[in-house]
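# Examination of the molecular architecture
As a plain string of letters, each chain reads:
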Amino acid sequence: MTTEQSVQLDEVDALLIALLAEEPRIGVLECSRRLRVARGTVQARLDKLTRRGVIGGFGPDISPAAIGFGVTSFVTLEISQRHGHDPVTTHLAVIPEVLEAHTITGSSDLLCRIVARSNTDLQRVIDQIVSFAGITRASTIIALAEAIPYRTLPLVRSASQLQGRAPS
């Protein structure tokens, strides 16, 4: 079992992450100019944040709805304990409409976020998911609207403000 090491963020880290989130195509030199720090400082911070897993990538954020996948749903899966998680996640990984899967606690074993072109297409995706023998039950919830999109900047800002405070 691995333990995740906590990475401390300071104000420069938080400002750099916010700048990159707001303008992902900005270069290192422009970041250094706007943040009023040396170019080498920006590059070193980016390297450190990437190496430690704080920044996971610099690719574009894709909207599934904009490319024809307007139905989002969340599926909980119960799996056969005899098969375990790995074969099930290997099966799920080959289904393009499965955007993410997490092992969870509670009455189910996995939580997946999936997309489909329509409700009819959603049935096809669910059928493909449950076709694996290791999955014993699926429960689906269709998302009606995205109230809060995936975000991390408020968390980054909070983490950088907490640095330096004594634990309570």
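Basis of the calculations
Residues numbered from 1 in each chain as written. Predicted model: local features only at pLDDT ≥ 70, side-chain atom pairs only at ≥ 80, totals over all residues. Heavy atoms only, no water. Salt bridge = Lys/Arg side-chain N within 4 Å of Asp/Glu carboxyl O. Helix = DSSP H or I, 4+ residues; strand = E, 2+ residues; numbered from the N terminus. Buried < 20%, exposed > 50% of the residue type's maximum accessible area, 1.4 Å probe, protein only. Axes fitted to C-alpha atoms, helices over the stretch in contact; angles between N-to-C directions. Parallel < 35°, antiparallel > 145°, perpendicular 65-115°, else oblique. Left-handed = near helix turned anticlockwise from the far one by under 90°. Contact = heavy atoms within 4.5 Å. Nonpolar A, V, L, I, M, F, W, Y, C, P; charged D, E, K, R; others polar. Pairing = 2+ DSSP bridges. 1 Å grid on protein atoms, 1.4 Å probe; cavity = no way out; pocket = protein on both sides within 12 Å on 5 of 7 lines; lining within 4 Å. Points joined across faces, edges and corners; volume = space filled by probe spheres on them.

This brings us to the pattern of salt bridges. Where charged atoms of side chains with opposite charge meet at close range, the side chains can pair. Under the defined criterion, the tally for this structure stands at eleven salt bridges. The partner of Arg45 in a salt bridge is Asp10, and the shortest N-O contact between them spans 2.8 Å. With Arg45 in helix H3 (residues 39-51) and Asp10 in the segment before helix H1 (11-22), this residue pair connects regions lying 35 residues apart in the sequence. For Arg45, a relative accessible area of 19% corresponds to the buried category. Of the charged contacts, one joins Arg34 and Glu23 as a salt bridge, the two residues approaching to 2.4 Å between their closest N and O atoms. Taken together, the residues span a long stretch of sequence, with Arg34 in helix H2 (residues 28-35) and Glu23 in the loop between H1 and H2 at a distance of eleven residues. Taking the relative accessible area as the measure of exposure, Arg34 reaches 36% and is therefore partly exposed. When salt bridges with common partners are traced through the structure, they connect Asp10, Asp13, Arg45 and Lys48 into a single cluster.

What follows deals with the environment of Ser108. Relative to the helices and strands, Ser108 resides in the loop between strand E2 (98-103) and strand E3 (110-116). For Ser108, a relative accessible area of 10% corresponds to the buried category. The spatial distance from the C-alpha of Ser108 to the C-alpha of Glu78 is 4.8 Å, given a sequence separation of 30 residues.

The interhelical angle for the contact between H1 and helix H6 (residues 153-162), taken along N-to-C directions, is 165°, at an axis separation of 8 Å. As the angle between them shows, H1 and H6 are arranged roughly antiparallel. Regarding H1 and H6, the two cross each other, and that crossing is left-handed. Along the contact surface, H1 presents Glu11, Ala14, Ile17, Ala18, Ala21 and Glu22, while H6 presents Leu153, Val156, Arg157 and Ser160. Looking at side-chain class alone, the contact of H1 with H6 contains six nonpolar, one polar and three charged residues.

Taken in spatial order, the four strands make up an open sheet running E2-E3-E1-E4, and their pairing is antiparallel. The open sheet has two free edges, formed respectively by E2 and strand E4 (135-143), since each of these has just one partner strand. Going from strand to strand, the sheet's axes swing by 20° on average, the running direction of each strand aside. Bridging between strand E1 (residues 71-79) and E3 involves seven bridges; their strand directions are antiparallel. Counted as the bridge partner of Leu77 is Leu110 from E3. Seen against the sheet, helix H5 (residues 119-130) touches E1, E2, E3 and E4 and runs at an angle of roughly 140° to E3.

A few words now on the layout of surface pockets. Unfilled space is identified by rolling a water-sized probe across the atoms. Volume-wise, the largest pocket comes out at about 1,800 Å³. In terms of lining, the largest pocket is formed by 46 residues, of which the most central are Asp61, Pro149, Tyr150, Arg151 and Thr152. Elements supplying a minimum of two residues to the lining of the largest pocket: H1, E1, E2, E3 and H6. Of the residues forming the lining of the largest pocket, the biggest block, five residues, is contributed by H6.

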